Amino acid sequence: MTLLSVRDLCITFGDTPAVDGLSFDLEPGGALGIVGESGSGKSATALALLGLHTRATIDGTIAFDGLDITKATDDRLRAIRGAGIAMVFQEPLTALSPFHRVGDQIAEVYRLHTGASKKEARARAIEVLAQVHIPDPERRADAYPHQFSGGMRQRALIAMALSCRPRLIVADEPTTALDVTVQAQILDLLDEVRTTTGTALLLISHDLGVVAGATDDVIVMRAGVAVESGPTDQVLVTPREPYTRELLAASPQPSAARPISSPPLLRVAEVRKHFPQTRRRGLRRLEPVKAVDGITLDVRAGETLGIVGESGTGKTTLARMMVGLIPPTSGSITFDGVPITRRRGRSVQMVFQDPLSSLNPRRTIGESIADPLRLQGMTAPRIKVEELLVRVGLSRSLYSRYPHQLSGGMRQRVGIARALAPDPRLIVCDEPVSSLDVTTQAQVLALLEDIRRERGLTMVFVTHDLAVLRQIADRVAVLHSGRVVELGDVAQVWEQPQHAYTKELLAAVPVADPVEARRRRAERRSVAR
Amino acid sequence: MTLLRRLFDDRAFATGAVIAGIMILIAVFAPLLTKLAGQDPTTFHNELLDSARGGVPIGRFGGISGEHWLGVEPGTGRDLFARVVYGARVSLGVALSALALQLLIGVGVGVAAGLGGRYADAALSRLTDLTLAFPSLVLAIALLAIVPQNWPRPLLLAVVIALLQWGGTARITRGETLSLKTRDYVAAAQVSGAGPWRVARREILPGLAAPVLTYAALVLPSNMITEAGLSFLGVGVRPPTPSWGQMLSSATTWFRADPMYVFLPGGLLFLTLLAFMLVANGVRRVIDPRQSEVLR
């Protein structure tokens, strides 16, 4: 008896089809992954399973436990949501109400579906919080979401999903907002929950590595159509369809690092950045936040230095100090022997993480690229701007377009063109590909590498993604609470990590090979025990 | 020009613009129009008033006739068309020039506070709070009362209104500037070597247009009403110079006997405010590249 059976599902928004003829089955206790890039229709599918679409036309059948969800009344749907099918969302902070205690929110869901007393509901909330390994659940149940870390919030959401003992959990990009080590923990937790409670899991992700270790079957979607489906071990190891192969090939591949022993171009010496806390407790001033706490490193001319760390390790602060955007509290940063703050605007440029917010929405992209050129005294920069657009793989005619008319990958290309405009010698990239789809990511990385080679640029590449670094960096610096814990050639750090934190990071990197992914999980479990 | 065509494609904007344009034309060509009507705003016509009923105009709808197109003023018999037309000059002139001054001061102070250092921000913000907290009507009366009689009253009114009521604009501008300056595109401009002036002009100001315009559409009516109030209290424009506000306030004593006299300035005030609101809304929509086209 299948738990969930989807037949010929078609979801259309107005005239735009989001999902076109999707069919799949999910057994009780099974785990199915849906993989696809943005716009592939994977999230639309998830929402349809819970009957959450309001403005879409839905055709086909979604049979959950024998009931067709597409035709169910609102009352039936409300009974199924939470109790039959539970959902775990991508952004755990917005999915929890900031005004209610975590335990109360879980108890509320439980009471709604079971009619239990307040006392029973609270007991159940504490029970599921313990099940997702929240330490000291009785006390933490009284905490508010903002007092939880990102990983704990996602655990709380999973606990909420578990509270009514659902038969199916739909997890839509459950780890996208999380650090790699936390991502590994959450995926392990989902896997554990499935085996201990017998709940089926539908895992939706853009990341093949996330799906590889956590599912039995996988569907690869593209533009609303299932391109390939089958057992995870087969699809991800011996893919039949070219698109699946393309996706697999797009995930970053290790490349040979170049030995570089040129003199340092940028020197960071004993740099600290402390942010004073404005809120006071009593009369005492709070300790300042030590975002960067004594970092010394050289960026050698011509190399690509990777800086890796999880959120809150000070990597963005360090990147912004390197380009002179914020002054260090103490220590010095020199470029070619001159303090960086005096070199600003010429030789050091930056590529930002979110290409949408790094381009002024009210100005055309041509104007945005032309600005640094005008600052250098060029009066008619249009020709140079168009050359730059062509160089980053865009068409000249995009000069008068606005940022919102472009796709994410195109926007990031514009960001790169703008950074190239003043002919810099060093480019600092702060998470330049983390908001992009995997194929776009591969293209942008290739472009960056191409340009670096062509112009003999020096690059600092800040990211949380170790796999990306392995491909692009020559040397890597691992950041942990504002300090460099390990610095060395990429291959050496990968093969023989010295610091415990580096080892932990490396172990958490998701891999697209299902067998390897399961082996790593077993390894992590044995370490935890 | 494509921008204009896009603006006039918006029917609400087109309506507002046409009405606002007519109002401004009326104000500009007031002498010509009154000459055309063969009237002037200050001549008394006692023969047109019913002295038995306390000075109410003889005839229907406030004494509308071929000579007096909109009737005559109760009590004095002055031609209402001429007074309305001349009143538009004062009302629109004062309100619009006060608005221009307010935006200039408010946006200037707001951007300076938002982009300036901690101390500049604190000083400018407290100054803003001070002007907002001050009982501006009392201050306006005091200011206008001590100024010599022979100074041009409408200009004086505009300056006084602007000086007392730029606080709201400054606050909105400061808040928006604070949020805009944390965007990455501001950082990108700084990295490429742009100084604070360039950042303010190229990156911050375009982003301020929408909230400031929306706010301006709310400030304009309040300016017209402030002018009306001050004129009513006798510190605004001096009789016999007409203004809509002044007409409205003197109409309060006549509204039972001669309702037409209330509807005329009231209706005009309403129509003008509506028109400027529609214009501001349309402009705001068109200058925002994200909203100016159909939903993505």
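Our structure is the block above this text.
Residues numbered from 1 in each chain as written. Chains lettered and ligands numbered in written order. Predicted model: local features only at pLDDT ≥ 70, side-chain atom pairs only at ≥ 80, totals over all residues. Heavy atoms only, no water.

Engineer: Sorry if this is basic, but what is going on with the pairing of strand β2 (residues 16-26) of chain A here?
Structural biologist: Within a regular strand, side chains alternate between the sheet's two faces. Residue and element names in this part refer to chain A. Strand direction decides the pairing type here: strand β1 (residues 4-13) and β2, joined by 8 bridges, are antiparallel. Its bridge partner being in β2, Leu 4 is matched across the sheet by Leu 26. Taking the residues between adjacent antiparallel strands as the criterion, β1 and β2 are bridged by 2 residues, where Gly 14 takes a positive phi near 60°. (Pairing = 2+ DSSP bridges. Helix = DSSP H or I, 4+ residues; strand = E, 2+ residues; numbered from the N terminus.)

Engineer: Please explain the side chain of Gln 412 of chain A as it appears in this structure.
Structural biologist: Residues and elements named next belong to chain A. Within the element layout of this structure, Gln 412 appears in helix α16 (residues 408-420). Classification of Gln 412 as buried rests on a relative accessible area of 1%. A polar side-chain atom of Gln 412 sits 3.4 Å from the main-chain carbonyl oxygen of Gln 353. Residues contacting Gln 412, with those up to four places away along its chain left out, are Val 351, Phe 352, Gln 353, Pro 355, Pro 432, Leu 436 and Val 444. (Buried < 20%, exposed > 50% of the residue type's maximum accessible area, 1.4 Å probe, protein only. Polar contact = N/O pair within 3.5 Å; in protein donor to acceptor, adjacent residues only side chain to side chain. Contact = heavy atoms within 4.5 Å.)

Engineer: Would you mind showing me how to read the pattern of salt bridges here?
Structural biologist: Pairing between side chains of opposite charge can happen when their charged atoms approach one another. Inspection of every chain in the model, using the stated rule, returns 40 salt bridges over all chains. One salt bridge in this structure joins Asp 216 of chain A and Arg 194 of chain A, with 3.6 Å as the shortest N-O distance. A residue pair is termed long-range when its members are at least 10 positions apart, and Asp 216 of chain A in the loop between α9 (208-214) and β9 (217-222) and Arg 194 of chain A in helix α8 (residues 180-197) qualify at 22 residues. Asp 216 of chain A gets classed as partly exposed once you look at its relative accessible area, which sits at 38%. Relative accessible area serves as the criterion here: at 12%, Arg 194 of chain A is assigned to the buried category. One connected set of salt bridges, linked through shared partners, spans Arg 363, Glu 367, Asp 371 and Arg 374 of chain A together with Arg 198, Arg 202 and Glu 203 of chain B. (Salt bridge = Lys/Arg side-chain N within 4 Å of Asp/Glu carboxyl O.)

Engineer: Explain the environment of Leu 26 of chain A to me, please; I cannot follow it from the model alone.
Structural biologist: Residues and elements named next belong to chain A. Position of Leu 26 among the secondary structure elements: in strand β2. With relative accessibility at 3%, the residue Leu 26 sits in the buried group. Placed 434 residues apart in sequence, Leu 26 and Val 460 show a C-alpha to C-alpha distance of 45 Å. Those residues in contact with Leu 26 that lie beyond four places of it in its chain are Thr 2, Leu 3, Leu 4, Ala 31, Leu 32, Leu 168, Ala 200 and Leu 201.

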